[in-house]
Amino acid sequence: MTVHEHRAHGRRQAIRTCPLCEATCGLSITLAGNTVERIAGDEHDVFSRGYLCPKGTTLGEQHADPDRLRAPVVKQDGEFVETTWDDAFRVVGELFHPVLETHGPDAVAVYLGNPIGHNLDGLLYPRVFLKALGSRNLYSASTLDQRPKDLSNALLYGGRYTLAVPDIDRTDFLLVLGANPMASNGSLATAPGWPRRLRALRRRGGRLVVVDPLRTRTADIADQHIRVRPGGDAALLLSIIHVLFEEDLVSLGRLAEFVSDVDQVEQAVGRFAPERVEEYTGVGSVTVRELARGLATASSSCVYGRMGTTTTRFGSIGSWAIDIINILTGNLDRPGGTMFPKAATGSPNTKGSPRYGASPQFGRFHTRVRQAPEMFGELPTSCFAEEIDTPGEGRYRALLLVSGNPVVSNPNSQRVAAALPQLDAFVAVDPYINDSTRHAHVILPPPSALQRPHYDVHFWQWSVRNVANYSPRVLPLDEGQLDEWEIMCRLASTFDRSGASAHEVDEGLIRSMVRSGARDESSPVFGWAVEEVVAELGPSTGPERILDYMLRVGPYGEGFAGGDGLTLSTLVEHEHGVDLGPLEPRLPDVLRTSDGMIGLAPGIIVQDIDRLWDDIGRRPRDGLLLIGRRTLRSNNSWMHNVPSLMTGRPRCTLQISPPDAHARGLESGDTTRVTTDTGEVEAVVEVTDRIAEGVVSLPHGFLHEPDGVGLTTARARPGTNVNRLMDEQVLDVPSSTAVFNGVPVEVSARRR
Ligand SMILES: Nc1nc2c(c(=O)[nH]1)N[C@H]1C(S)=C(S)[C@@H](COP(=O)(O)OP(=O)(O)OC[C@H]3O[C@@H](n4cnc5c(=O)[nH]c(N)nc54)[C@H](O)[C@@H]3O)O[C@H]1N2
Ligand SMILES: Nc1nc2c(c(=O)[nH]1)N[C@H]1C(S)=C(S)[C@@H](COP(=O)(O)OP(=O)(O)OC[C@H]3O[C@@H](n4cnc5c(=O)[nH]c(N)nc54)[C@H](O)[C@@H]3O)O[C@H]1N2
Ligand code: SF4
Ligand SMILES: [Mo]
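Residues numbered from 1 in each chain as written. Chains lettered and ligands numbered in written order. Predicted model: local features only at pLDDT ≥ 70, side-chain atom pairs only at ≥ 80, totals over all residues. Heavy atoms only, no water.

## Remarks on a negative patch on the surface
There is a patch of like negative charges on the surface, built from Asp261, Asp263, Glu266 and Asp595. With respect to the element layout, Asp595 can be found in the loop between strand E21 (592–593) and strand E22 (598–599). (Patch = residues over 30% accessible without salt bridge, like charges linked within 9 Å, V, L, I, M, F, W, Y side chains within 5 Å. Areas by Shrake-Rupley, 256 points an atom, 1.4 Å probe, with all protein chains shown as cover. Salt bridge = Lys/Arg side-chain N within 4 Å of Asp/Glu carboxyl O. Lys, Arg positive; Asp, Glu negative; His and termini not counted. Charge placed at Lys NZ, Arg CZ, Asp CG, Glu CD. Helix = DSSP H or I, 4+ residues; strand = E, 2+ residues; numbered from the N terminus.)

Written as structure tokens, this is what we have:
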């Protein structure tokens with residue numbers, strides 16, 4: 001039995017992890033037949049203990065959404081027409097083969113959007129179609145998001161996913177910059193129930209300080225809210241480091257053994273006395289000095305930053321500086337500080353040789369138009385549209401878009417919207433006809449979340465507690481419907497013309513994974529015959545078989561030794577999850593650096609500090625700076641079609657301070673024009689003293705142009721596409737990440 005079924009009055013109860021955000025809440029779902037009646041938090045979930053947010057209760061509504069595609073559609077004379085899967089893959093072949101044959105694999109781009117990280121199939125199977133295509137033009141949401149942190153992790157610890165997460169359940173002092181976990185439920189720090197955990201921190205006498213130009217819900221529950229000038233965090237953080245050195249507050253403790261280049265950091269921040277940068281950051285030097293002392297003298301402390309620190313012009317410096325502060329105060333890798341999780345399905349930092357690894361290589365190839373460097377095998381998403389619309393040899397002629405909505409999520413989105421129709425071949429794997437997929441020639445819809453098994457392979461690599469929790473399907477597939485992994489496998493065999501079935505491609509994938517395990521001296525299957533391992537696996541196919549393999553060879557795994565370590569069947573028996581305990585120190589074994597040390601002063605970051613210093617020297621431009629925000633009842637671009645989440649007052653508003661509104665004669669409810677050098681939009685005004693003077697905030701992700709979009713509820717309440725204002729040429733230089741925060745804009749006065 002895979003689903004715990006509690007039958008009473010024809011009803012059953014299913015337990016399932018919510019896949020919608022990084023928090024991984026356990027859900028308890030009441031069904032009558034195949035109809036979802038109610039979704040509540042799973043009180044027995046080992047991690048979430050009943051916590052959930054309004055989005056998690058809507059998985060049934062999302063499943064039942066009549067706009068959700070159930071069968072593939074192919075465009076004929078400008079209209080989407082439903083067809084069979086076989087016919088859809090035939091059309092995919094007819095579209096892609098001429099491009100591949102005439103122009104080669106690099107005329108194809110692949111774009112993997114955010115939900116791919118929340119989806120077991122999406123985490124395990126893209127490698128099959130990437131290999132079949134052989135294109136190096138891979139794009140993802142990472143370069144619109146956390147790439148500066150990936151870079152800093154790779155440089156400091158030797159792995160992009162070797163992330164030190166704030167130990168929020170044990171810390172005495174948490175400094176949050178540019179994150180609003182009360183709305184986002186946390187990011188790059190998986191913890192269901194951030195709101196509860198932050199309140200618990202304060203109840204046990206801990207201190208919470210929030211740095212944000214907006215008084216967010218997170219700031220509301222903090223001890224102190226510090227308003228920073230948008231984009232000012234990198235300089236602010238460097239000035240904190242300056243104070244740590246100047247006031248002799250550096251205390252590495254046991255980290256001294258693993259850390260090098262401390263002097264170079266001291267030198268790099270020499271110019272950043274808080275008194276010299278306070279005008280630029282907007283944070284007074286007294287406050288900065290107090291913060292530095294607080295972090296250094298608390299019995300434990302951690303600094304944590306998110307979108308407001310990464311998607312800014314100096315995101316890499318800021319992301320790096322956060323770790324440097326945690327290290328210099330001796331708080332890395334100890335309870336209450338920042339710690340390295342150990343995921344049950346393993347990570348690059350649980351494989352190979354402990355402590356040592358190869359230095360990361362970047363810029364192995366570049367984009368054609370802007371010569372932007374590759375990083376972690378991906379190209380910067382800000383370059384995506386120009387590679388389609390710039391004529392010449394090497395321009396992209398075909399696109400495979402999987403769970404992404406670039407017309408809404410990419411900077412200079414009108415350029416993306418204009419570029420997509422120029423493609424000869426555009427195939428999307430997506431459940432909806434939205435702003436982006438409406439330009440596709442074929443859309444291949446995956447099943448709904450409730451129709452698929454789930455395990456957070458990705459997010460439990462940066463979870464504040466080590467857990468493992470598998471959810472079987474809650475609802476069956478419809479007649480003839482394909483799993484998303486089957487779609488991905490069939491795309492692979494269509495692209496490479498092998499004609500293999502999904503199951504044959506899947507056989508190839510598991511064997512290749514086992515083969516690399518058999519070659520890894522650190523793996524329990526080192527030296528084993530591939531067939532021997534495959535024969536032992538529980539499920540006979542699909543992502544669950546791969547998951548069983550990953551769990552068994554993972555750090556808590558049974559290791560094919562017949563012991564009592566984890567296997568998939570252990571997790572099937574524990575439907576509320578298995579708690580693997582609080583995070584434990586992992587240095588130095590977690591490192592994969594060439595010298596086995598944490599070199600604190602990587603050249604690519606330290607050299608960028610001159611660019612920041614030049615910026616500080618420039619007179620700030622008058623006018624307003626735009627920042628972004630997230631709202632609890634919304635999830636990037638794709639949950640505006642859920643009726644119960646779209647009730648209440650409008651959320652896509654331009655927040656502006658009373659003095660700035662007054663100066664323009666604006667009042668709440670007015671529509672105003674917001675302009676940048678890139679574009680202009682109209683937005684509904686919300687005057688609020690929550691936002692700092694000189695700053696305005698607009699959320700992203702709202703449907704903008706209702707035409708041709710199959711989203712009934714979202715169409716009725718379109719919003720502003722803030723990405724029409726964003727300049728795709730402006731980047732955080734070291735990481736090539738887009739800049740969404742601290743963007744100069746003009747807001748028009750009321751027309752009379
Ligand atoms: N409800 C909901 N949850 C989500 C999502 C969603 O769309 N909706 N999206 C998910 C995704 S993909 C992600 S990446 C995470 C993001 O998670 P978070 O980063 O926690 O979410 P944001 O609301 O974007 O928070 C960014 C904060 O930075 C502030 N800010 C802007 N500019 C600056 C600045 O220059 N300095 C400082 N210090 N602060 C600044 C903003 O005011 C905002 O409060 O959320 C995830 N969770
Ligand atoms: N201005 C501004 N822009 C931003 C941001 C910002 O803060 N400000 N945030 C950025 C960030 S952090 C992110 S992560 C990106 C997100 O941007 P994208 O990566 O483009 O992702 P989404 O907008 O979430 O679009 C998700 C798509 O996946 C589809 N989908 C949902 N579930 C599934 C599934 O199970 N399988 C498949 N195949 N498809 C599915 C949805 O229908 C939708 O079309 O936006 C970025 N853009
Ligand atoms: S917080 Fe995230 S994981 Fe939890 S119920 Fe809400 S959307 Fe789902
Ligand atoms: Mo994101």
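After that view of the structure, there is still more to cover.
## A word on the site of ligand 1
Near ligand 1 there are 31 residues, and of these Asp212, Gly231, Asp233, Ser634 and Asn636 occur at the shortest range. Asp212 has a polar side-chain atom sitting 2.7 Å from an oxygen atom of ligand 1. Within the backbone of Met307, an N or O atom sits 3.1 Å from an oxygen atom of ligand 1. Its free accessible area being 920 Å², ligand 1 has 98% of it covered by the protein chains. The set of elements that each furnish at least two residues to the shell around ligand 1 consists of helix H6 (181–184) and helix H13 (307–310). Tallied by class, residues from the shell around ligand 1 come to 10 nonpolar, 14 polar and seven charged. (Near = heavy atom within 4 Å. Polar contact = N/O pair within 3.5 Å; in protein donor to acceptor, adjacent residues only side chain to side chain. Nonpolar A, V, L, I, M, F, W, Y, C, P; charged D, E, K, R; others polar.)

## Some thoughts on the packing of helix H9 (residues 233–246) against helix H12 (residues 285–297)
For the pair H9 and H12, interaxial distance at closest approach is 9 Å and the crossing angle is 65°. For the pair H9 and H12, the crossing hand works out as right-handed. Together, Leu236, Ser239, Ile240, Val243, Leu244 and Glu246 of H9 and Val288, Arg289, Leu291, Ala292, Leu295 and Ala296 of H12 make up the contact between the two elements. Grouping the constituent residues of the contact of H9 with H12 by class yields nine nonpolar, one polar and two charged. (Axes fitted to C-alpha atoms, helices over the stretch in contact; angles between N-to-C directions. Left-handed = near helix turned anticlockwise from the far one by under 90°. Contact = heavy atoms within 4.5 Å.)

## Describing the site of ligand 2
If you check the shell around ligand 2, you find 29 residues, and the closest are Ser409, Asp430, Asn434, Glu484 and Ser637. Arg452 is positioned such that a nitrogen or oxygen atom in its side chain is 3.3 Å from an oxygen atom of ligand 2. Alone, ligand 2 offers 920 Å² of accessible surface; in the complex the protein occludes 95% of this. Grouping the constituent residues of the shell around ligand 2 by class yields 12 nonpolar, 12 polar and five charged.

## With respect to the pattern of salt bridges
Counted according to the given criterion, the structure contains 51 salt bridges. The salt bridge involving Arg90 is made with Glu94; its shortest N-O contact spans 2.7 Å. One end of the pair, Arg90, and the other, Glu94, are both in helix H2 (residues 85–103), four residues apart, so they sit about a helical turn from each other. The residue Asp506 makes a salt bridge to Arg545 at a minimum N-O spacing of 3.3 Å. Of this pair, Asp506 sits in helix H19 (residues 502–519) while Arg545 is found in helix H21 (residues 542–553), placing the two residues 39 residues apart along the sequence. Of the residues examined, Asp506 reaches a relative accessible area of 0% and is grouped as buried. It is possible to trace a salt-bridge network through shared partners that takes in Arg215, Arg217, Asp220, Asp689 and Arg690. (Buried < 20%, exposed > 50% of the residue type's maximum accessible area, 1.4 Å probe, protein only.)

## Considerations on the side chain of Asn723
Looking at the secondary structure, you find Asn723 in the loop between helix H26 (712–716) and strand E28 (731–732). Looking at Asn723, its side chain comes within polar contact range of the main-chain oxygen of Ser409, at 3.3 Å. Not counting the four nearest positions on each side in its chain, Asn723 is found in contact with Val408, Ser409, Asn410, Pro411, Asn412, Ser413, Gln414 and Phe740.

## Regarding the sheet that holds strand E23 (residues 624–627)
Spatially, the six strands close up into a barrel ordered E23-E27-E24-E26-E25-E30, and their pairing is mixed. Between one strand axis and the next, the sheet turns by 45° as a mean value, whatever way the strands run. In this sheet, strand E26 (residues 680–687) lies alongside strand E24 (residues 653–656) in parallel orientation, the contact comprising four bridges. Its bridge partner lying in E26, Gln655 is registered against Glu686. (Pairing = 2+ DSSP bridges.)

## So, the state of the cysteines
A full pass over the atoms with the stated rule returns zero disulfides. The closest cysteine sulfur to the non-disulfide-bonded Cys302 is located on Cys21, 20 Å from its own sulfur. (Disulfide = S-S within 2.5 Å.)

## Side note on the sheet that holds strand E17 (residues 425–429)
Strand order in the open sheet made by the seven strands is E5-E4-E18-E17-E16-E6-E7, with mixed pairing throughout. The sheet terminates laterally at strand E5 (79–82) and strand E7 (138–140), the two strands that pair on one side only. Across this sheet, the average inter-strand angle for adjacent strands is 20°, counted without regard to direction. Strand direction decides the pairing type here: strand E6 (residues 108–112) and E7, joined by three bridges, are parallel. Paired with Leu112 across the strands is Ser140, a residue of E7. Lying over the sheet, helix H4 (residues 126–133) contacts E6, E7 and strand E16 (398–402), oriented at roughly 170° with respect to E6.

## Re the side chain of Asp167
Mapped onto the fold, Asp167 is located in the loop between strand E8 (165–166) and strand E9 (173–177). Taking relative accessible area as the criterion, Asp167 reaches 2% and is therefore assigned buried. Among the polar contacts made by the side chain of Asp167, one reaches the main-chain amide nitrogen of Gly336 at a distance of 2.7 Å. If we ignore the near neighbours within four places in the chain, the residues touching Asp167 are Cys302, Pro335, Gly336, Gly337, Thr338 and Met339.

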